[in-house]
There are 2 protein chains.
Amino acid sequence: MRIEVNCSRNYPIIIAKGCLKDVKKYINDNRKIMIISDDMVPQAYWESLKSQFKNCDIKIVKHGENAKSFEIYEDCLRTLLKLNYSRHDLIIALGGGVVGDLAGFVAATYKRGMDFINIPTTTLSQIDSSIGGKVAINVDGIKNCVGAFYQPSLVLIDPEVLKTLSKRHYNNGLVEAIKAGLIGDEYLFNLFEEDHLDIEQIIYRSLLVKKAIVEQDEKEEGIRKILNFGHTFGHAYESYYHLHDYYHGECVALGMMVVLDDEEIKKRLASILHKLDISTSCDANRNEILNLLLNDKKANQDMIDLIKVDKIGEAKIVNMPIKALEKYI
Amino acid sequence: MRIEVNCSRNYPIIIAKGCLKDVKKYINDNRKIMIISDDMVPQAYWESLKSQFKNCDIKIVKHGENAKSFEIYEDCLRTLLKLNYSRHDLIIALGGGVVGDLAGFVAATYKRGMDFINIPTTTLSQIDSSIGGKVAINVDGIKNCVGAFYQPSLVLIDPEVLKTLSKRHYNNGLVEAIKAGLIGDEYLFNLFEEDHLDIEQIIYRSLLVKKAIVEQDEKEEGIRKILNFGHTFGHAYESYYHLHDYYHGECVALGMMVVLDDEEIKKRLASILHKLDISTSCDANRNEILNLLLNDKKANQDMIDLIKVDKIGEAKIVNMPIKALEKYI
């Protein structure tokens, strides 16, 4: 399956089982190639990738959000400098969202921008973060506050690699697909109510939803905000639980549950989440969550854009006083 | 005078005597404004600028190439974070090329890109570096190796501010205008042979040359390289003299002198440089310069693109073995 993304730079997304073994086919390898990956990605994956190229280096960073730091960012840049990479060489990200964000920001800024290919290896990154061109690192605990909009030249998605994920990690990523269904594709949402989950269809249709939105509003001036459905409260839960007790997708699930007004949709969502062993509510302290919402850097003074879904497949942006969020929790 | 630059982002350059006192007229100041400047810029300039806005902060960095470091870059970003700047707020660079490069890279990457206005205060930056969208910092002594192509939303040029420059600094910047004449505008080159230098015309016509080239090739894949006329050897001289004995423009002057084959043009250039008290030759060690050329990171393996001018106003790119550069020195 192939999706063409048309924005400031046009690029294809290729979804093909087993394509990790065949990356060479898609790439001009008559140049230096730097793979950036992390120590959670099975060694077999990056060894398989590296073995396909004659002129290939690899940088393995420690997994987790801390990889998105100035320190690791600078370290990657210095490695490229030491190995004399030019801006016509290539960086390949092989990993989840953290690796994609870090490697993408390195690619965006080394010699003012080098070629970048993303090979996401988690459900979360295959479904969501590998496309859209947002790359970034964190500073002083503030997520994604330094980065760029920088499009890859290719995204290669091999659903086979998801098999090595733990069930919890696998399901965690599916939440972004459920979100994509809720905001833009009823059929996609319905897929989650089937007995068997067709993961290729789920990835494909999720990416189509995201593509359509990103193409309209690459730099998030307006409509792209609807991708944040569930994320306003989701981010507050993430901060509250420090991503230990709940993963990103799990927090977004909690965030979607609280902002849904329609009881019927809420019931269907809860039932899907239960099937995936994902919590539909949590014990977070109400006042602390409210404080976190008030301090959210995305809020513009006293007002906030909350994304609402009252009909499956349709989202709207509602500008409201931050104080009004109280009623949801 | 006004020039419209049309590239990935369109923006105007306004050249107007005294406009520094009147910046508010050109800017939406209904937001936070961070001025980034350095301690070589007269205090009266940034005080005048700051006094025009109600919600304005200022960051003064120590002047010189060292300001283009990871350390200062991070410090600027952390300042913006602490003061809770959003991506809809504004950064104004007030200073020479170093300040423009640093502030531009901060603006390019803070929250994935905020609004950026450049107010260059040196001849070098008014004539050359303030337009074209190249922003960058240095790493481990390698110039501009981390950065972005990021266009300002406005460039404001006040030729009045040049009055406080030393004569040497002033003339140093004019070299880029002489270069612009040589590669793209015979009339501009001729202006330097007049008794009185019309600085506004010189700035205006230099920017027109650069605009035309940048619009054709924003990301320096081809034709934009002709802006590097004189810079191949110029950069080698810069490295050799560490920018102590010779400034950037002075090194470019030396670099243009050595690559000119046409004796008539060479004579005219030498005569202009003499009038400006700029050296036309130096005592650099020939072998060391050759070694620096061989190690130039812009060289692609054994070949290099050398920019040649055989007729005033016309430049061409000649791909040649690096070894062939020997004959020029």
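The structure presented is a predicted model; accordingly, all values stated were derived computationally and were not measured.

### Brief notes about the environment of Asp39(B)
Residues and elements named next belong to chain B.
Turning to step 1, where the next piece is worked out: Its location among the elements puts aspartate 39 in the loop between strand 3 (33-38) and helix 1 (43-50).
Turning to step 2, where the next piece is worked out: Overall, aspartate 39 belongs to the partly exposed group, its relative accessible area being 44%.
Turning to step 3, where the next piece is worked out: C-alpha separation for the pair aspartate 39 and lysine 59, spaced 20 residues apart in sequence, amounts to 10.0 Å.
Turning to step 4, where the next piece is worked out: Once you skip the residues sitting within four places of it in the chain, aspartate 39 turns out to touch Ile60, Val61, Lys62 and His63.
Turning to step 5, where the next piece is worked out: Among the polar contacts made by the side chain of aspartate 39, one reaches the side chain of histidine 63 at a distance of 2.8 Å.

### Let's talk about the relation of the copies chain B and chain A
The operation relating the two chain copies consists of a rotation about an axis and a shift along that axis.
Turning to step 1, where the next piece is worked out: The two copies are related by a screw motion: chain B maps onto chain A through a turn of 180 degrees and a shift of 0.0 Å along the axis, at an RMSD of 0.0 Å. Such a combination of turn and shift is consistent with a two-fold rotation axis.
Turning to step 2, where the next piece is worked out: Both copies share a contact surface, since 100% of the interface residues of chain B are interface residues in chain A too.

### As for the sheet that holds strand 2 (residues 11-15) of chain B
Residues and elements named next belong to chain B.
Turning to step 1, where the next piece is worked out: Sheet architecture is open: 7 strands sit in the order 1-2-9-6-5-3-4, paired in mixed fashion. Each end of this open sheet is capped by a strand with a single partner; those strands are strand 1 (2-5) and strand 4 (56-61). Going across the sheet, the axis of each strand differs from the next one's by a mean of 15 degrees, ignoring polarity.
Turning to step 2, where the next piece is worked out: Looking at chain direction, strand 3 and strand 4 are connected through 6 bridges and run parallel. What sits directly across from methionine 34, in strand 4, is aspartate 57.
Turning to step 3, where the next piece is worked out: Each of strand 3, strand 4, strand 5 (90-95) and strand 6 (115-120) touches helix 3 (residues 97-109); the most contacted strand, strand 5, lies at about 170 degrees to it.

### Observations concerning the domain arrangement of chain A
Residue and element names in this part refer to chain A.
Turning to step 1, where the next piece is worked out: Domain boundaries assigned for chain A yield domain 1 (2-164) and domain 2 (167-328).
Turning to step 2, where the next piece is worked out: Computed from C-alpha coordinates alone, the two centres of domain 1 and domain 2 are separated by 25 Å.
Turning to step 3, where the next piece is worked out: Contact with domain 1, which involves 26 residues of that partner, is made by 26 residues of domain 2.
Turning to step 4, where the next piece is worked out: Buried area between domain 1 and domain 2, summed over both chains or domains, comes out near 2,400 Å², and the portion from carbon and sulfur atoms is 67%.
Turning to step 5, where the next piece is worked out: If you look at where domain 1 meets domain 2, you find 4 salt bridges.
Turning to step 6, where the next piece is worked out: Of all the secondary structure elements, the ones that give two or more residues to the side of domain 1 that touches domain 2 are strand 1 (2-5), strand 2 (11-15), helix 4 (123-129) and strand 8 (142-149).
Turning to step 7, where the next piece is worked out: By residue number, the principal contributor to the side of domain 1 that touches domain 2 is helix 4, which donates 6 residues.

### A short note on unusual backbone geometry
All names here are of chain A.
Turning to step 1, where the next piece is worked out: The backbone of asparagine 144 shows a phi angle near 55 degrees, a positive value even though the residue is not glycine.
Turning to step 2, where the next piece is worked out: One can find asparagine 144 in strand 8.
Turning to step 3, where the next piece is worked out: Asparagine 144 sits in the partly exposed class, given a relative accessible area of 22%.

The rules behind these values
- Residues numbered from 1 in each chain as written.
- Chains lettered and ligands numbered in written order.
- Predicted model: local features only at pLDDT ≥ 70, side-chain atom pairs only at ≥ 80, totals over all residues.
- Heavy atoms only, no water.
- Helix = DSSP H or I, 4+ residues; strand = E, 2+ residues; numbered from the N terminus.
- Buried < 20%, exposed > 50% of the residue type's maximum accessible area, 1.4 Å probe, protein only.
- Contact = heavy atoms within 4.5 Å.
- Polar contact = N/O pair within 3.5 Å; in protein donor to acceptor, adjacent residues only side chain to side chain.
- Least-squares fit on C-alpha atoms with pLDDT ≥ 70 in both.
- Pairing = 2+ DSSP bridges.
- Axes fitted to C-alpha atoms, helices over the stretch in contact; angles between N-to-C directions.
- Domains from an automatic or database assignment.
- Buried area = accessible area lost by both parts, 1.4 Å probe.
- Salt bridge = Lys/Arg side-chain N within 4 Å of Asp/Glu carboxyl O.

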